[in-house]
Amino acid sequence: MISSRTLPTLLFFCLTLMAPGLVAQALPEFREIVKSKSPAVVKIIVQYPLGGAARNPHNTEEIPEYLRRFFEFRGEQPQQSQRQRMSMGSGFIISGDGYIVTNNHVVDGAESVLVRMSDRREFEAEVVGTDPRSDLALLRVDASGLPSLRLESDDDLEVGEWVLAIGSPFGLDYSVTAGIVSAMGRSLPTEQGENYVPFVQTDVAINPGNSGGPLFNLEGEVVGVNSQIFTRSGGSIGLSFAIPASVVRNVVAQLKDSGRVTRGWLGVTIQDVDKTLAESFGLDRPQGALIAQLAEDGPAAKAGLEAGDVILQFDGKDIPTSAELPHVVGLTAPDTTVQVEIMRERKRKTLRVKVGGLEADDSYALSSDRADEDRGGRLGLVVEEAGADVLERFGLSGGVLVRQVSPGSVAAESGVLPGDIITMLGSSPVKDVSAFERAVARLSAGDSVPLRLIRRGSPLFIGLKLRD
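In this text, all values refer to a predicted model and were calculated from it rather than measured experimentally.

**So, the pattern of salt bridges**
- Under the definition given, this model contains 17 salt bridges.
- Between R120 and D173 there is a salt bridge, and its shortest N-O distance comes to 3.3 Å. Highlighted residues: R120 in the loop between β6 (112-116) and β7 (122-131) and D173 in the loop between β9 (162-167) and β10 (175-187), separated in sequence by 53 residues.
- A salt bridge links R348 to E341, with the nearest nitrogen and oxygen atoms 2.5 Å apart.
- With relative accessibility at 18%, the residue E341 sits in the buried group.

**Let's talk about the packing of aromatic side chains**
- In total, this model carries three aromatic pairs according to the counting rule given.
- Between the aromatic rings of F30 and W162, the centroid separation amounts to 6.0 Å while the plane-to-plane angle is 65°, which identifies the pairing as edge-to-face. With F30 in the loop between α2 (20-25) and α3 (31-37) and W162 in strand β9, this residue pair connects regions lying 132 residues apart in the sequence.
- By relative accessible area, which is 18% here, F30 ends up buried.
- Summarising the aromatic geometry, the rings of F281 and F461 are spaced 6.3 Å apart at their centres and angled 65° between planes, so their arrangement reads as edge-to-face. Linking F281 in helix α6 (residues 275-281) with F461 in strand β28 (residues 458-465), this pair joins segments that are 180 residues apart in sequence.
- With a relative accessible area of 3%, F461 lands in the buried category.
- Lying over the aromatic face of Y99, K256 brings its terminal NZ or CZ to 4.5 Å of the ring centre.
- R263 extends its terminal NZ or CZ atom over the ring of Y196, reaching a point 5.2 Å from the ring centre.

**Quick notes on the pairing of β7**
- Direction of pairing for β6 relative to β7: antiparallel, over a ladder of three bridges. Within β7, the residue paired with V115 across the bridge is F123.
- Taken together, β6 and the strand that follows it, β7, pair antiparallel across an intervening segment of five residues, in which R120 is found at a positive phi of about 80°.
- As paired elements, β7 and strand β8 (residues 136-141) share six bridges and run antiparallel to each other.

**Description of the environment of L139**
- Tracing the sequence through the fold places L139 in strand β8.
- A relative accessible area of 0% means that L139 is categorised as buried.
- Distance in space between the C-alpha atoms of L139 and E124 is 9.9 Å, their sequence separation being 15 residues.
- Once residues within four sequence positions are removed from consideration, L139 is found in contact with I44, G98, Y99, I100, T102, V107, V113, V115, A125, E126, V127 and V128.

**Describing the environment of G463**
- Secondary-structure assignment places G463 in strand β28.
- Note: C-alpha distance between G463 and K275 (188 residues apart in sequence) is 8.2 Å.
- Once residues within four sequence positions are removed from consideration, G463 is found in contact with T276, L277, S414 and V449.

**Things to note about the environment of T102**
- Within the fold, T102 resides in strand β5 (residues 99-102).
- For the pair T102 and L136, spaced 34 residues apart in sequence, the C-alpha to C-alpha distance is 6.0 Å.
- When residues no more than four places from it in sequence are discounted, the contact partners of T102 are I44, S90, G91, V107, D135, L136, A137, L139, S211 and G212.

So, how was this worked out
- In this numbering scheme, every chain counts its residues from 1 along its sequence in written order.
- Whole-chain, interface and lining totals are the exception, using all residues; otherwise, since this is a predicted model, local features are given only for residues with pLDDT of at least 70 and side-chain atom pairs are given and counted only at 80 or more.
- The side-chain numbers reported here are obtained from all heavy atoms of the structure, hydrogens and water having been left aside.
- Throughout this description, the term salt bridge denotes a Lys or Arg side-chain nitrogen within 4 Å of a carboxyl oxygen of Asp or Glu.
- For the purposes of this entry, the term helix denotes a DSSP run of H or I that reaches at least four residues, the term strand denotes a run of E that reaches at least two, and both are numbered from the N terminus.
- Think of it in three bands: residues with accessible area under 20% of the maximum for their type are buried, residues over 50% are exposed, and the middle band is partly exposed, with areas taken using a 1.4 Å probe on protein chains only.
- Pairing of aromatic rings covers Phe, Tyr and Trp, the last counted by its six-membered ring, and requires centre-to-centre distances within 6.5 Å; plane angles under 30 degrees mean stacked, over 60 mean edge-to-face, and any other angle means tilted.
- Throughout this description, the term charge over a ring refers to an Arg CZ or Lys NZ atom that lies within 6 Å of the ring centre and within 35 degrees of the ring normal.
- Between any two strands, pairing holds if DSSP finds at least two bridges.
- We call two residues in contact whenever any of their non-hydrogen atoms come within 4.5 Å of each other.

Structure below.
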């Protein structure tokens, strides 16, 4: 008797015997891509000053163990503290006159950068510009007539599509690995909490030394720049991430033109909308980016956007989750005026916003036009006036401090914690305990309302659903 487990294998074996050409046609052919494109892939050899070090070496203490930017790091032993430090990565030529793309973390802090070609020629490279927010860098070597690669122009990469990587993992030059696109638009916030890159996730084997190398489609176009992997072992487990061609084109064009990058900036702190919040805002499903806080005099504030608005569309593009908004805004040219569709007080509204600009080293301050509160009862909260020192510390004009959350209460089920500072309930600002009690009194059984609070200095919305 043939078991159900062995039947698929037997069928495949029979199919191979009967029609071997049919099976072969189902698999991708990589040989021509490798032959024609490898000459434009380069190895990057970086040297650091005596006593210096790579900013992002293979070091599990500097970044989470499960998410690493990898390039081969030839570090020193403790007794060799004065020896030169070197590291290696990958890159690729984008024009015959010597422009080369790699990762910012490959060349960050370098004293010198050497580019080695597949024919063993070597060139000293100039760092034209870097962009830490996208983890991209543009180099140039003094040469002409070099082989070059073309960036994909249509941005039509799809999940399930075959892709190919060429790089120098562990110093093994021009290694080729292949796989499929696992997901698109992955959000991997940086240590600063920024999220400007909609990463392409693949199962292509990427290891130390692959960073900065190209990711190809079957047309031989570069669809991404390999940048990070997800790992718990230090090696590839089939979760790798590449910077998409759309971001690379934008960043490279600016670095080539001015040596720096300015990206679109809205000036908001945002969070996702869950089921309860969606219901409280009058949305038919969780969607959009909920504004938790605005930058002082930022583009959003100047355009009339407010904390509690849910951004549903930006410049005609749907915003299904909060993670999508930075991707779209970042690729918008500064000083461009766009239409932004929001949900405010259960009504859709469209505002015109002039997008600002955020340069590589820019940061911004957030404003504090805050609000609301409750003293137990229906929500299960015990609150008190937030002290002047607390309000000053967080830049608040008012609020109530949560002292106690009753187990099993509406507040507890919604995730409110002792120490939270409530500034808004529903659409009502909470300046003090009296304002909080009035806001609670206006609630009806079965209502779903947003609760805005400050937790460890960060603004947060929580959806409250009162029991029937």
